[in-house]
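# Close look at the chain arrangement
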Amino acid sequence: MRLSKMHIKTLREVPNEAEISSHILLLRTGMIRKLVSGVYGFMPLGWRSVRKIEDIVREEMDAKGAQEIHMSAVQPAELWQESGRWYAYGPELWRLKDRNGRDFCLGPTHEEIFTDIIRNDVNSYRQLPLNLYQIQNKYRDEARPRFGLMRSREFIMKDAYSFDKDYEGLDISYKEMYDAYTNVFNRCGLYFRPVAADTGAIGGSGSHEFTAFAEVGESEIAYCEHCDMAATTERADVKDDPADSAEMMPMEEVNTPGTKTIEEVANFLGLDKKQTIKALLFVKYDELGNEDGYVAAFVRGDRELNMIKLVNALDIPEHAIAFADEEKMAAATGCVGGFTGPVGLHDCTIVVDSELTGMRNLCAGACKKDYHIKNVNYGRDYTGDIVRDIKTLKEGDPCPVCGAPVKHTRGIEVGQVFKLGTKYSEPMGAYYKDENQEDQLIVMGCYGIGVTRTLAAVVEQHHDDNGIIWPMSVAPYHVIVTLVKPDDSVQAEIAERIYGELAKAGVEVLLDDRDERPGVKFKDADLLGIPVRITVGRGAAEGSVEYKLRRESEKTDMSIEGAIAAAIKIVNEERSGR
Ligand code: ATP
Ligand code: MG
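This report concerns the structure included in the present document. (Residues numbered from 1 in each chain as written. Chains lettered and ligands numbered in written order. Predicted model: local features only at pLDDT ≥ 70, side-chain atom pairs only at ≥ 80, totals over all residues. Heavy atoms only, no water.)

## Some thoughts on the overall build of the chain
Secondary structure summary: the chain contains 14 helices and 31 strands in total. Summarising its shape, the C-alpha atoms of the chain cover approximately 95 × 65 × 50 Å along the three principal directions. Here the chain holds 578 residues, and the buried ones make up 53% of them. Within the chain, counting contacts between residues at least 6 apart in sequence, those at least 24 apart form 70% of the total. For the chain, the computed accessible surface area is about 25500 Å², with 47% contributed by carbon and sulfur atoms. With 71 positive and 95 negative side-chain charges, the chain shows a separation of 4 Å between the mean positions of the two kinds. (Helix = DSSP H or I, 4+ residues; strand = E, 2+ residues; numbered from the N terminus. Buried < 20%, exposed > 50% of the residue type's maximum accessible area, 1.4 Å probe, protein only. Contact = heavy atoms within 4.5 Å. Areas by Shrake-Rupley, 256 points an atom, 1.4 Å probe, with all protein chains shown as cover. Lys, Arg positive; Asp, Glu negative; His and termini not counted. Charge placed at Lys NZ, Arg CZ, Asp CG, Glu CD.)

As structure tokens, this is what we get:
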């Protein structure tokens, strides 16, 4: 491709709303184009890289025996009502009506659709196992679309669904997808780690997120350097502190004027935060959006509540709970803003962190303004409607597996695999007949890769101050031939020759034949991040060109044939990413 003919518009100015490198660079290179918030189009170079990632995904999926199909993004509400997700998915589901008033959504994911296909098409155990996938646009009306392709409202996802006779089969299918994902992200040049994850709105029994390391990532990961524990902080188990064997002391009400926070009350009474109980107050909403009762959650004063664990404990979707209006809640439950404790609270669901049951003589709010109670004990003074680990694993806390202090890091979730079990086959009635002609539920898994998010993650991990540094496997072109002076006939002839020979050898090559100053061409080549640059300039008359890899700083003068051979060699070594 000749750059002079290519439809490309690079930007000199960094767009205001772009905060992170990948977003800035994908816009500056003109690879993506914003339409409205969270909705992007792809220009020629951007689309080439998207297709490279798609091809890697296809190769690895096909290698595991998965079969590609293509479903519509338009999905009828009835299927989502059957699975229960028309409500559970909440405001992220992009809903629409047809001219007759029938409800539809634009698919954020396709469990319902694939389950529907399989319940119609599969009768016998002989047809299982089966793995179907597609690469297709997904729609999620995200509350905060940001970071360009990272969190957009329309994005490309590869989604796959496995169908097995039993859980042993699911384990095999899951492992195959786990391995395929490992290959995909390795081949895309990402530094990543699979970590144990929460199952979120998709549901099911087990899950891993594939997380590409990046400071700007929205996933927080807890990991251990002593064992192989790695989990999102949403999901990570927390070891309860060992139970205290102290004798229970009588409760004692103490005047604690103005001490609303744990910090203040602990300082005021000369206590460690570990000797206090922290209260968090919420209101629930029902399917129609009406208030549906209050929730009080209690954790030890030095702990943080984990919202994901709380909604899982309550068995409600994330969007069905919000912080309570304290005055309204006070009238109904006896809580008192800043002075709420489990003693004296009524008419609300009390969720107690499991650790509190073993602690003795803690200090909690008295449900009375300016008062706390000392020596509050679980079992004697209060109980919980739900007792569960609802706290967050913090950096330095003991690893839930081996006890060593855990570390935190951040990353970008580029893919996720789920063991769904019968979460969809049961409500939607997806059965097969076993060897004895008896109906059995199909056991499912589902597996997603954010193709466009992966593109952004690659840029996030591979760039410098001058621009992108594409790994060969996902680069829009492998080589750029920079013709310094297009009106110099010797230079032009040599550049054309290199361009032609590389193309003949199957190398994807760009020829910068634009009538621009050399400085502009070098800047653009660095910005675009093409892995190999061959510069045809002053030395051309003597048969010498300059060879440079984008990822290295040194340049080498080579013969024309030498540069062609070096380029073909490195492209062939690295193009598959294997
Ligand atoms: P997140 O927690 O980041 O919102 P998710 O867990 O809801 O993502 P999944 O349902 O697991 O996402 O979707 C599969 C993959 O699709 C994700 O691993 C991610 O790579 C990609 N993805 C999800 N939401 C978006 C989005 N808004 N923009 C771009 N890619 C996305
Ligand atoms: Mg996910």
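Next comes the rest of the write-up.
## Some thoughts on the packing of helix H2 (residues 44-63) against helix H6 (residues 167-187)
Put simply, H2 and H6 touch, their axes get as near as 9 Å, and they point 150 degrees apart. Relative to H6, H2 is oriented roughly antiparallel. The two elements H2 and H6 cross, and the hand of that crossing is right-handed. Contacts between H2 and H6 pair Ile56, Val57, Glu59, Glu60 and Met61 from the former with Met177, Ala180, Tyr181, Asn183, Val184 and Arg187 from the latter. (Axes fitted to C-alpha atoms, helices over the stretch in contact; angles between N-to-C directions. Parallel < 35°, antiparallel > 145°, perpendicular 65-115°, else oblique. Left-handed = near helix turned anticlockwise from the far one by under 90°.)

## Examining the nonpolar core
Counting 61 residues, the largest nonpolar core has Tyr181, Phe185 and Trp470 as the members making the most contacts within it. Sorting elements by how many residues they give to this core places H6 first, with seven residues. Beyond its immediate stretch of four places on either side in the chain, Tyr181 contacts Met61, Lys158, Phe210, Gly415, Gln416, Val417, Tyr447, Gly448 and Ile449. Among the nonpolar cores identified, the runner-up in size contains 26 residues, and Met472, Val532, Val545 and Ile560 belong to it. (Core = buried A, V, L, I, M, F, W, Y, C linked by side-chain atoms within 4.5 Å.)

## A word on the sheet that holds strand E18 (residues 362-365)
Where strands meet in a sheet, backbone hydrogen bonds hold them as pairs that are either parallel or antiparallel. The sheet built from three strands is open, its strands ordered E13-E19-E18 with antiparallel pairing. A single partner strand is all that each edge strand has here, and the edge strands are strand E13 (252-255) and E18. In this sheet, adjacent strand axes meet at a mean angle of 30 degrees when their direction is disregarded. As defined by bridge partners, E13 adjoins strand E19 (residues 371-376) across four bridges and the pair is classed as antiparallel. By the bridge assignment, Val254 is partnered in E19 with His372. (Pairing = 2+ DSSP bridges.)

## With respect to the packing of H2 against helix H11 (residues 451-461)
Packing of H2 against H11 brings their axes to within 9 Å, and their N-to-C directions diverge by 110 degrees. Relative to H11, the element H2 lies roughly perpendicular. Seen from H2, the contacting residues are Gly46, Ser49, Val50, Ile53 and Glu54; seen from H11, they are Val451, Thr452, Thr454 and Leu455. A per-class count over the contact of H2 with H11 returns four nonpolar, four polar and one charged. (Nonpolar A, V, L, I, M, F, W, Y, C, P; charged D, E, K, R; others polar.)

## Quick notes on the pattern of salt bridges
Counted by the stated rule, this structure contains 53 salt bridges. Between Arg119 and Asp116 there is a salt bridge, with its nearest N and O atoms 2.8 Å apart. Of this pair, Arg119 and Asp116 both sit in helix H5 (residues 111-121), separated by three residues, roughly a single helical turn. Because the salt bridges share partners, they merge into one network encompassing Asp241, Arg300, Asp302, Arg303, Glu355 and Asp397. (Salt bridge = Lys/Arg side-chain N within 4 Å of Asp/Glu carboxyl O.)

## Considerations on the pairing of strand E14 (residues 277-285)
Among the nine residues of E14, seven are classified as buried, and the element is accordingly described as predominantly covered. Between E14 and strand E15 (residues 291-300), which follow one another and run antiparallel, lie five residues, and Gly289 among them has a positive phi close to 85 degrees. Note: E14 against strand E16 (residues 321-323), three bridges, orientation antiparallel. The residue of E16 that forms the bridge with Phe282 is Phe323.

## A short note on the sheet that holds strand E5 (residues 94-97)
Taken in spatial order, the three strands of this open sheet run E4-E6-E5, and their pairing is antiparallel. Single-partner strands in this sheet number two, and they are strand E4 (74-76) and E5. Across the sheet, the mean angle separating the axes of adjacent strands is 35 degrees when strand polarity is ignored. Alignment of E4 against strand E6 (residues 103-106), held across three bridges, turns out to be antiparallel. The residue of E6 that forms the bridge with Val74 is Leu106.

## Some details on the side chain of His478
The topology assignment puts His478 in the loop between strand E26 (467-468) and strand E27 (479-483). Not counting residues within four places of it along the chain, the set of residues in contact with His478 comprises Lys52, Met472, Val507, Glu508, Ile530, Pro531, Val532, Val571 and Arg575.

## Some thoughts on the packing of aromatic side chains
Throughout the structure, instances matching the rule amount to 13 aromatic pairs. Taking the centre distance of 5.7 Å and the plane angle of 45 degrees together, the rings of Phe42 and Trp47 count as tilted. For Phe42, a relative accessible area of 22% puts it in the partly exposed group. The exposure class of Trp47 is partly exposed, given its relative accessible area of 34%. Relative to Phe210, the ring of Tyr181 lies with its centre 5.5 Å away and its plane at 55 degrees, an arrangement referred to as tilted. Of this pair, Tyr181 sits in helix H6 while Phe210 sits in strand E10 (residues 206-213), and the two are 29 residues apart along the sequence. The exposure classification of Tyr181 matches that of Phe210, with both residues buried. Taken together through their ring pairs, the aromatic side chains of Tyr178, Tyr181, Phe185, Phe192 and Phe210 make up a single cluster. In this structure, Arg48 is placed above the aromatic ring of Tyr477, and the distance from its NZ or CZ to the ring centre is 3.8 Å. Taking the ring centre of Tyr174 as reference, the NZ or CZ of Lys419 above it sits at 4.9 Å. (Phe/Tyr/Trp six-rings, centres within 6.5 Å; stacked < 30°, edge-to-face > 60°. Lys NZ or Arg CZ within 6 Å of the ring centre and 35° of its normal.)

## A short note on the site of ligand 1
Taken together, 15 residues sit near ligand 1, with Arg140, Glu142, Arg151, Ser152 and Glu413 positioned nearest. At 3.0 Å, a backbone N or O of Val414 approaches an oxygen atom of ligand 1. Taking Gln416, its side chain carries an N or O atom lying 3.1 Å from an oxygen atom of ligand 1. In isolation ligand 1 has 590 Å² of accessible area, and contact with the protein removes 85% of it. Among the elements of the structure, strand E8 (154-164) and strand E21 (407-421) are those that each provide at least two residues to the shell around ligand 1. Here the residues of the shell around ligand 1 are counted per class, giving six nonpolar, four polar and five charged. (Near = heavy atom within 4 Å. Polar contact = N/O pair within 3.5 Å; in protein donor to acceptor, adjacent residues only side chain to side chain.)

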